[in-house]
Amino acid sequence: MHSPPGWKTKAVDANGTEITTLEGLKQNGEIHPIQQAFIDSSAIQCGYCTPAQILSAKALLDEHPNPSDDEIRKALNHVLCRCTGYVRVVDAVHRSAAVLRGEKVEPFVPIELRLPKHDGIFELPEVFYRRDGGRNPLPPIVFTPDSMEKTQVIGKPEIKVDAKKLALGRPVFTDDFILEGMLYGSLLTSPHAHARIRNIDTSKAQALPGVHAVLTYKDIPRIKYASGGQSYPQPLPYDQVSLDNKVRHVGDRVAVVAAETPEIAQQALDLIKVDYEILPVVVDPELAMKDGAPIIHDEPDTEGIYNARKNIVCHIGAEVGDIEDAFTQADHIFEGSYRTPKQQQVHLEPHVCITYWDEDDRLTIRTSTQVPFHIRRMVAPLIGLPVKRIRVIKPRIGGGFGNKQELILEDLCAHLTLETNRPVRMEYTRTQEFTSSRSRHANIINYKLGVKENKITAASLYLIGDTGAYGAHALTVNMVGGFKGLTLYNPPNSKFTSDVAYTNTPPAGAFRGYGAMQCQFGIEVLMEEIAEKLGLDVVKFKRDNWLKVGETMHLSKSLGEGREGKEQILYTSALDQCVDIGLQATDFYTKRKEHNNQNDRYRKGIGMAVVMHGSSIADLDMAAATLKMNDDGSFNLLMGATDLGTGSDTILAQIAAEVLKIPLDDLIVYSSDTDFTPFDKGAYASSTTYISGGAVQKAAIKVKEQILDHAARMFGYPNSKELKLENRQVRAPDGRIFSFAEIALSSLHQQDQHQIIATESHKSPLSPPPTAAQFAEIVIDTKTGKISVDRLLMVVDCGRVINPATATGQVEGGMAQALGFTLDEEMLFDQEGQPLNPNLKQYRIPRAVEMPAMDVVFVQTDEPSGPYGAKSVSEISIDGVAPAIASAVHDAIGIWIRELPYKPDRVKLAIKQDKQK
């Protein structure tokens, strides 16, 4: 049965027809060309939406064997994807179409170019200028300096180690696991934004046949905790309990049930009667901090709130230099206030968790989490079990973006298993993802900059953060925002102040960009405003002021992400080259001249921004890895690092393969199981490549030494210094060779028997920043206020690019999320705290047909502290789109719009107000 892509067919109408599933695509045991193209094109990130994309492609290609780019995007438009930005997906469909037509398809490879030794013209392929205005997928460009060491596996677009099973739709996610006797848990949430629970009557729910447990605050010990998955000890405040007698936002926890079916569980929730005492509500962070505002946390047992009576969860202050004198001495002082929205992560796989007792009476938690080791530590005191009796398994994750760096369902699901002695599964609905999980902090960003002789000599930032009802990431998100926002231009006299307020809205938490993208939006727009007012070339003004190699980051010691930090120096950066390449690839200056004096309805604009991020939390984040050799010369790589679609399992394996001089498929990767893998703090803070990669590299070096030492004994050599490891074998100077398999068998069964194995840990006193230049080209309809984005180009220095295919996917996906943040996405609430758009019909994320051309260029540097010179890439990709589009908007219509998102009504109002001046 073939229906046009996007059509829905009722089951009754499908009776008697043939239905093709993903599993049914294989022909004579061979993988289908569409599935293979998705694998080869690196179109798969988390893989949760991949089956729907592949089947949509199949339906399209059955009808249209040679589709256009627009036809492919239209066919994919009904399939939401939050990871990829759709670029590689479109490419995969083009490739599979060509294969099905019998054409030869070249493999997906980046365009590798040498970096000029001196400033000048870069040799960009003609297609990268996009003079035709198309948005067809282009491979990434990787610029490499001549000084970088050549590698064999590192730097190659290796296929992801999990790509095949995801393309085949294998049961790899949390909810693909079904246990005999499993119950279904469900959560009753508050319909009120602020209320005290006077009483809960659960008698009817408990009496319902098929219900095995109903739990409220009366049934669970009151143990305070913070839900953010961060290193021990977690930053204060500990302002949550598993179930409370007060609710502080719509969607807050009230009760949980476990029943034989999801339907019975829902019926039980409907039978619970709650007597609420409705309390006053405050949803605006500035109003929340005023005298007389409702006190959201008036409980006496919460530790660590800065000022509960004023709803200020934390107050941050840091200063360097003499800020007052610097402002006095400045030639000019400029101020600007900017606002950024509360954005939902919208990972396609919702939060889902399964808990059960194993055969040794230990509790197993199978959960979609970014932080399995933190979850184990955090859950233990809440459920009254020691850590040694808890095992946490992280399967494949269908996206997370920070929202799964949190304790969301694990404690409740575990309580239900403890109560029933049965396996229990809990899963959020999409509405609960909006009302009961986490989101990006909304911020009010107030900058004041002093300029002397065209140099930024003083900067102050007052940042107001909206943490919602609970403050798990309140301190760290806003501290990171202040540090990155004031370090991008790094004036010697800087002051940061932040108040983070509770409001009666769903809690904010971790989200890719983690405060940095909000504050860099503000500073970048203000820098452009200053350049305009002073009559300066904006690129030169920024270039003269941004952080340079060799400079100390002035606030690095006082703003260390929740604690005192370590002094940081910028050792590597290609920001100059990133900007120059972007200027050239977009014809930036030519287009800016062409855009002068536009008077028609549709006006074009081009903008740019520079950004920086970090690589881990310096001197805090730690990861470990174990590598062991098998009888056949293959290796098991065991690590706690969490792959949530980023490709970290693959790039970490590439690091090991590079050390051992083996192909990637000689490594069996197993990650994120607290019983069988060593510790890793988890997937956050842009640390996996840099920190976990450092651990893998160390372990691989130790294993390499052990292989050479054992080979020396087999050869009869006194030491291994003269031996060479290559191509799965060890070669002696006299030409004799032992294969890895022979060495493994000898070490395990014959000579000086021992296991060749190593476990190594890694942390770093440094957090080397990746840097990037973001460019945006737009068209504004001045009548409706609608902004159409034609092109996004990001030029990135993330050190050495371990895998250009996965890194490109990270940049494209980050730009896509940032596009939503800039143009559309905003969680809205009325004055009573009721959510106005808690679903994907009213809360729109970018779809395939709406995506602009998105191009990626890497400029490699050799970061001395990173594995093979690598820095991070996953978060910087989201930082620059908003300020670049703000810059383009001003280029098009001459107006600075300081509040995001740029919805048509807001842009239209700004145009109207500008005309009235």
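Keep in mind the model is a prediction, meaning the values are calculated, not measured.

Conventions and cut-offs
- Residues numbered from 1 in each chain as written.
- Predicted model: local features only at pLDDT ≥ 70, side-chain atom pairs only at ≥ 80, totals over all residues.
- Heavy atoms only, no water.
- Helix = DSSP H or I, 4+ residues; strand = E, 2+ residues; numbered from the N terminus.
- Rg over C-alpha atoms; globule rule 2.2 N^0.38 Å.
- Buried < 20%, exposed > 50% of the residue type's maximum accessible area, 1.4 Å probe, protein only.
- Contact = heavy atoms within 4.5 Å.
- Areas by Shrake-Rupley, 256 points an atom, 1.4 Å probe, with all protein chains shown as cover.
- Lys, Arg positive; Asp, Glu negative; His and termini not counted.
- Charge placed at Lys NZ, Arg CZ, Asp CG, Glu CD.
- Polar contact = N/O pair within 3.5 Å; in protein donor to acceptor, adjacent residues only side chain to side chain.
- Core = buried A, V, L, I, M, F, W, Y, C linked by side-chain atoms within 4.5 Å.
- Pairing = 2+ DSSP bridges.
- Axes fitted to C-alpha atoms, helices over the stretch in contact; angles between N-to-C directions.
- Phe/Tyr/Trp six-rings, centres within 6.5 Å; stacked < 30°, edge-to-face > 60°.
- Lys NZ or Arg CZ within 6 Å of the ring centre and 35° of its normal.
- Left-handed = near helix turned anticlockwise from the far one by under 90°.
- Nonpolar A, V, L, I, M, F, W, Y, C, P; charged D, E, K, R; others polar.
- pLDDT = per-residue confidence, 0-100.

**Q** Looking at this model, I keep getting lost on the overall build of the protein chain. Mind explaining?
**A** Within the protein chain, the regular secondary structure consists of 23 helices and 30 strands. Here the protein chain has a C-alpha radius of gyration of 28 Å; the compact-globule value for 917 residues is 29 Å, and the two agree. Principal-axis analysis of the C-alpha atoms gives the protein chain an extent of 85 × 75 × 65 Å. Looking at the protein chain as a whole, 63% of its 917 residues are labelled buried. At a minimum sequence separation of 6, the contacts of the protein chain that also span at least 24 residues come to 80%. Carbon and sulfur atoms form 49% of the exposed surface of the protein chain, whose accessible area is close to 33800 Å². Charged side chains of the protein chain number 100 positive and 117 negative; the gap between the two group centres comes to 2 Å.

**Q** Got a minute to help me understand the side chain of Gln345 in this structure?
**A** Note on placement: Gln345 falls in the loop between β10 (332-340) and β11 (352-357). A polar atom in the side chain of Gln345 sits 3.4 Å from the side chain of Gln344. In this structure, Gln345 is in contact with Arg82, Gly400, Phe401, Gly402, Asn403, Arg438, Ser439, Arg440, Ala510 and Phe511, ignoring residues within four places of it in sequence.

**Q** What is the right way to read the nonpolar core from this model?
**A** Judged by nonpolar contacts, the single largest core of 152 residues is most densely connected at Phe858 and Tyr902. When neighbours within four sequence positions are excluded, Tyr902 is seen to be in contact with Phe521, Ile787, Thr822, Leu823, Ile885, Ala886, Val889, Ile897 and Val907. With 43 residues, the next largest nonpolar core counts Ala641, Ile655, Ala732 and Tyr868 among its residues.

**Q** Just to check I follow, could you spell out the sheet that holds strand β26 (residues 737-739) for this structure?
**A** Sheet strands pair via backbone hydrogen bonds, and the direction of the pair is either parallel or antiparallel. On the basis of which strands lie adjacent, the open sheet formed by 3 strands has the order β24-β25-β26 and antiparallel pairing. Unpaired on one side and paired on the other, β24 (724-726) and β26 mark the two borders of the sheet. Here the strands of the sheet are splayed against their neighbours by 25° on average, with no regard to which way each runs. Note: strand β25 (residues 729-731) against β26, 3 bridges, orientation antiparallel. Its bridge partner being in β26, Arg731 is matched across the sheet by Ile737. On top of the sheet, helix α19 (residues 688-715) reaches β24, β25 and β26; it is set at about 55° to β25, its chief contact. Running at roughly 75° to β26, helix α20 (residues 740-750) makes contact with β24, β25 and β26 of the sheet.

**Q** Mind showing me how you'd approach the side chain of Thr364 here?
**A** Mapped onto the secondary structure, Thr364 falls in strand β12 (residues 363-367). For Thr364, a relative accessible area of 1% translates into the label buried. Not counting the four nearest positions on each side in its chain, Thr364 is found in contact with Ile354, Thr355, Tyr356, Asp358, Arg391 and Ile393.

**Q** Looking at this model, I keep getting lost on unusual backbone geometry. Mind explaining?
**A** Both trends apply: most residues other than glycine have a negative phi, and most peptide bonds are in trans. Across the junction of Tyr232 and Pro233, the peptide omega takes the value -10°, indicating a cis bond. Relative to the elements of secondary structure, Pro233 occurs in the loop between β5 (211-215) and β6 (246-247). For the peptide bond that leads from Leu900 to Pro901, omega is 0°, which places it in the cis range. Along the chain, Pro901 turns up in the loop between α22 (881-893) and α23 (904-915). Even without a glycine there, the phi angle at Val346 is positive, about 50°.

**Q** I tried to follow the packing of aromatic side chains on my own but got confused; where do I start?
**A** In this description, a pair of aromatic rings is defined by centroid distance and the angle of the planes. What the rule picks out here adds up to 11 aromatic pairs. Ring centres of Tyr338 and Phe521 lie 6.1 Å apart, and the angle between their planes is 85°; on these two criteria the pair is classed as edge-to-face. Highlighted residues: Tyr338 in strand β10 and Phe521 in helix α14 (residues 516-534), separated in sequence by 183 residues. Both residues of the pair, Tyr338 and Phe521, belong to the buried class. Relative to Phe738, the ring of Phe715 has its centre 4.7 Å away and its plane inclined at 40°; by these criteria the two rings are tilted. Note that Phe715 is positioned in helix α19 and Phe738 in strand β26, a separation of 23 residues in sequence. Classification of Phe715 by relative accessible area gives buried; the value is 6%. Taken together through their ring pairs, the aromatic side chains of Phe588, Tyr589 and Phe775 make up a single cluster. Lying across the ring of Phe327, Lys448 places its NZ or CZ 4.4 Å from the centre.

**Q** What should I look at first to understand the environment of Pro294 in this one?
**A** In this fold, Pro294 is placed in the loop between α8 (285-288) and β9 (312-320). For the pair Pro294 and Val282, spaced 12 residues apart in sequence, the C-alpha to C-alpha distance is 6.7 Å. Setting aside residues no more than four positions away along its own chain, Pro294 makes contact with His194, Pro280, Val281, Val282 and Asn311.

**Q** Hey, could you run me through the sheet that holds strand β4 (residues 195-201) in this one?
**A** One open sheet accounts for 3 strands, arranged β6-β4-β8; its pairing is antiparallel. This sheet does not close on itself; its edge strands, each paired only once, are β6 and β8 (273-278). In this structure, β4 lies alongside β6, joined through 2 bridges in antiparallel fashion. Its bridge partner lying in β6, Arg196 is registered against Lys246.

**Q** Would you explain the packing of helix α3 (residues 69-76) against helix α4 (residues 87-100) in this entry?
**A** Packed helix pairs are specified by the crossing angle of their axes together with the interaxial distance, meaning the distance between the axes. Put simply, α3 and α4 touch, their axes get as near as 10 Å, and they point 115° apart. In this structure, α3 meets α4 at a crossing whose hand is right-handed. Between α3, through Asp69, Ile72, Arg73 and Leu76, and α4, the contact on the second element is made entirely by Val89, Val90, Val93 and His94. Class assignment of the residues belonging to the contact of α3 with α4 gives a composition of 5 nonpolar, 1 polar and 2 charged.

**Q** What's the story with the confidence of the model for the protein chain in this structure? I'm lost.
**A** Detail in the predicted coordinates should be disregarded across regions flagged by low pLDDT. Residue-level pLDDT values for the protein chain average 96, and 99% of them are 70 or greater. Confidence drops under pLDDT 50 across residues 1-7; counting only partners more than four residues distant or on other chains, this segment forms 13 contacts.

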